[in-house]
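For reference, the chains in residue letters:
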Amino acid sequence: MINYITDNNSLQIISFLGILAAFLGTCFLTASCSKFLPKDQGRDFAVNGKLSAGKPRGAGFIFILVFIAAFALFGIIRTEYLIYLILVAAAMITGFLDDASKSPWGEYKKGLLDLIIAVMLAVTFLNFNDSTITIELLDQTFTMHPVVFGILTVVLVWTSINVTNCADGVDGLSGTLTIITLMTIYVIDLIKGQGGSFTYMILLFVVCILGYLWFNAAPSTLMMGDAGSRAMGLFISIAVLKTGSPFLYLLVALVLMLDGGLGLVKVSLLRFLKIHILTNTRTPLHDHVRKVWNWSNTHTVFRFAIIQIVISIAAVYLVMI
């Protein structure tokens, strides 16, 4: 709709209304439709995992659909962005089907689906963007061979999907960390003069997560499930790629990486190479701090968020200097 509006003031007003509509739409639909979501069965090995049994899960299905609808109505639709929306929807749907399944999907099945989505995203990104990247720490810009860039993009996307998914285990944690990460990317985009339609997409995504967090703050009444976490991870990877500095992911999503990623590394090394690491550390890390260090859920969310905010401020300063 917004494509046909050229007046700047009208554009600003409609964009403002779009943000409000995205938040209110998420809140309304979550409140009215959560009863139709599948119910969580609890997790045997997670700390306090059984406490989630019976709660609606898969709420990502709601806030991702609201996000897509909000951008379709209030954003500037381009072919590149349309494909991104389709891929985010695909990540959400695969996650929701797993949420709704009576028996959880196997790791290999989910990993393969994530890989397919990652490859499609890499091809799309290279079709609409070049393979030039900036390494902020070295203040160096160079162009990669497209094949190398594509392979690294697949690794980034697959990693982002899975670490974000693994970090979803405490009320409000992954949603809060995702908001911090995306808003850091938003600020970096503005510093680099890259504000525009995609940065507006970031804002819509963030306010939809906020609408979900209204119900997920401890003690939660529902959970996003894989439908939300996998889509969030995918969108984070898209957002950081669009900055032109994809290695910033290592800073802007560091807590997500450590929380969700260490477990992936630990299990992979043990399963494929029979190498034991972090034997005295529970993974994800949010389980370790709650079980071993006796942090409450609130402590975990706030302290993880504080750590990421400090790192994000440093990352923003790094881009500015």
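Just so you know, these numbers come straight off a predicted model, no measurement behind them.

*Asks:* I tried to follow the overall build of the protein chain on my own but got confused; where do I start?
*Replies:* Each helix and strand counted, the protein chain has 12 helices and 2 strands in total. Along the protein chain, from the amino end to the carboxyl end, the secondary structure elements read α-α-α-α-β-β-α-α-α-α-α-α-α-α. Whereas a compact globule of 321 residues would reach a radius of gyration of roughly 20 Å, the protein chain reaches 19 Å, a difference of no more than 12%. With respect to the principal axes defined by its C-alpha atoms, the protein chain has extents near 55 × 45 × 35 Å. Long-range contacts, defined as pairs at least 24 residues apart, comprise 74% of the intrachain contacts of the protein chain with a sequence gap of at least 6. In the form shown here, the protein chain has an accessible surface area of approximately 15,100 Å², with 70% of it arising from carbon and sulfur atoms. Positive and negative charge centroids in the protein chain, built from 20 and 17 side chains respectively, lie 10 Å apart.

*Asks:* Hey, could you run me through empty space enclosed by the protein in this one?
*Replies:* If you roll a probe as big as a water molecule over the atoms, it shows you where there is empty space left. As enumerated under the stated definition, the model contains 1 cavity of 30 Å³ or more in all. Its volume calculated, the largest cavity comes out at about 40 Å³. Taken together, T94, G95, W105, K110, L113, D114 and R230 make up the lining of the largest cavity. Counting only elements with at least two residues in the lining of the largest cavity, the list comes to α3 (79-100) and α4 (107-128). For the lining of the largest cavity, the element with the highest residue contribution is α4, accounting for 3 residues.

*Asks:* For this particular structure, what's the right way to read the packing of helix α1 (residues 8-33) against helix α2 (residues 60-74)?
*Replies:* The packing of two helices is summarised by the inter-axis angle and the distance between the axes. Contact pair α1 / α2: the axes reach a minimum separation of 9 Å and the direction vectors enclose 155°. Relative to α2, the element α1 lies roughly antiparallel. Crossing handedness for the pair α1 and α2: right-handed. On α2, the residues that touch I14, L17, G18, A21, A22, G25, T26, L29, T30 and C33 of α1 are I62, F63, V66, A70 and F74. Tallied by class, the residues present in the contact of α1 with α2 amount to 11 nonpolar, 4 polar and no charged.

*Asks:* Please explain the nonpolar core as it appears in this structure.
*Replies:* Note that soluble globular proteins tend to have their nonpolar side chains buried in a common cluster. Of all hydrophobic cores here, the largest spans 84 residues; its most connected members are F67, L182, F198, I202, F205, L234 and F235. Looking at this core, the element that brings in the most residues is helix α7 (residues 197-216), giving 14 residues. Setting aside anything within four residues of it in sequence, one finds I202 in contact with L182, I185, Y186, D189, F235 and A239.

*Asks:* When you look at the environment of T164 in this model, what are you seeing that I'm missing?
*Replies:* Tracing the chain through its elements places T164 in helix α5 (residues 146-166). Contact partners of T164, with chain neighbours within four places excluded, come to S174, T178, S229, M232, G233, I236 and L256. Reaching out from T164, the side chain makes a polar contact with the backbone oxygen of S160 at a distance of 2.7 Å.

*Asks:* Explain the side chain of T300 to me, please; I cannot follow it from the model alone.
*Replies:* In this structure, T300 sits in helix α12 (residues 297-320). Those residues within four positions of T300 in sequence are excluded, and the remaining contacts are V170, L173, H286, V289, R290 and W295.

*Asks:* It is not clear to me how the state of the cysteines should be interpreted in this structure. Could you clarify?
*Replies:* Linking two cysteines covalently via their sulfur atoms produces the bond known as a disulfide. The full count for this structure, using the stated rule, is 0 disulfides. The structure places no disulfide on C27, whose sulfur is separated from the nearest cysteine sulfur, that of C208, by 9.5 Å. Assessed through its relative accessible area of 0%, C208 is described here as buried.

*Asks:* Could you clarify how one ought to interpret unusual backbone geometry in this entry?
*Replies:* Of all residues except glycine, most have a negative phi; of all peptide bonds, most are trans. Omega for the peptide link from A218 to P219 comes to -5°, which places this bond in the cis form. Note that the residue after T283, namely P284, is joined by a cis bond; omega there is -5°. Examined against the element boundaries, P284 turns out to sit in the loop between α10 (254-273) and α11 (285-291). At L278, a position not held by glycine, the phi torsion is positive, near 50°.

*Asks:* Quick question: what am I supposed to make of the pattern of salt bridges here?
*Replies:* Where side chains of opposite charge bring their charged atoms close, a pairing between them can arise. Counted according to the given criterion, the structure contains 9 salt bridges. The closest approach of N and O atoms between R271 and E107, which form a salt bridge, is 2.7 Å. Of the two residues, R271 sits in helix α10 while E107 sits in helix α4, which places them 164 residues apart along the sequence. Between R290 and D287 there is a salt bridge, and its shortest N-O distance comes to 2.7 Å. Placement of both R290 and D287 in helix α11 is noted, with a separation of 3 residues, approximately one turn of the helix. Like D287, R290 is buried. Through salt bridges that share partners, D98, K110, D114, D226 and R230 make up one connected network.

*Asks:* How should I be thinking about the side chain of T30 in this particular structure?
*Replies:* Note on placement: T30 falls in helix α1. A relative accessible area of 2% places T30 in the buried class. A polar contact is formed between the side chain of T30 and the backbone oxygen of T26, at a distance of 2.6 Å. Other than its neighbours up to four places away in sequence, T30 contacts I62, F215 and L222.

*Asks:* Honestly, the packing of α5 against helix α8 (residues 225-242) in this entry has me stumped. Any pointers?
*Replies:* Contact geometry for α5 and α8: axes closest at 7 Å, N-to-C directions at 145°. Here α5 and α8 pass one another in a crossing that is right-handed. Where α5 approaches α8, its residues F149, T153, L156, V157, S160, I161, N162, T164 and N165 are matched on the opposing element by D226, S229, R230, M232, G233, L234, I236, S237, V240 and L241. Looking at the contact of α5 with α8, its residues break down into 9 nonpolar, 8 polar and 2 charged.

About the criteria used
- Residues numbered from 1 in each chain as written.
- Predicted model: local features only at pLDDT ≥ 70, side-chain atom pairs only at ≥ 80, totals over all residues.
- Heavy atoms only, no water.
- Helix = DSSP H or I, 4+ residues; strand = E, 2+ residues; numbered from the N terminus.
- Rg over C-alpha atoms; globule rule 2.2 N^0.38 Å.
- Contact = heavy atoms within 4.5 Å.
- Areas by Shrake-Rupley, 256 points an atom, 1.4 Å probe, with all protein chains shown as cover.
- Lys, Arg positive; Asp, Glu negative; His and termini not counted.
- Charge placed at Lys NZ, Arg CZ, Asp CG, Glu CD.
- 1 Å grid on protein atoms, 1.4 Å probe; cavity = no way out; pocket = protein on both sides within 12 Å on 5 of 7 lines; lining within 4 Å.
- Points joined across faces, edges and corners; volume = space filled by probe spheres on them.
- Axes fitted to C-alpha atoms, helices over the stretch in contact; angles between N-to-C directions.
- Parallel < 35°, antiparallel > 145°, perpendicular 65-115°, else oblique.
- Left-handed = near helix turned anticlockwise from the far one by under 90°.
- Nonpolar A, V, L, I, M, F, W, Y, C, P; charged D, E, K, R; others polar.
- Core = buried A, V, L, I, M, F, W, Y, C linked by side-chain atoms within 4.5 Å.
- Buried < 20%, exposed > 50% of the residue type's maximum accessible area, 1.4 Å probe, protein only.
- Polar contact = N/O pair within 3.5 Å; in protein donor to acceptor, adjacent residues only side chain to side chain.
- Disulfide = S-S within 2.5 Å.
- Salt bridge = Lys/Arg side-chain N within 4 Å of Asp/Glu carboxyl O.

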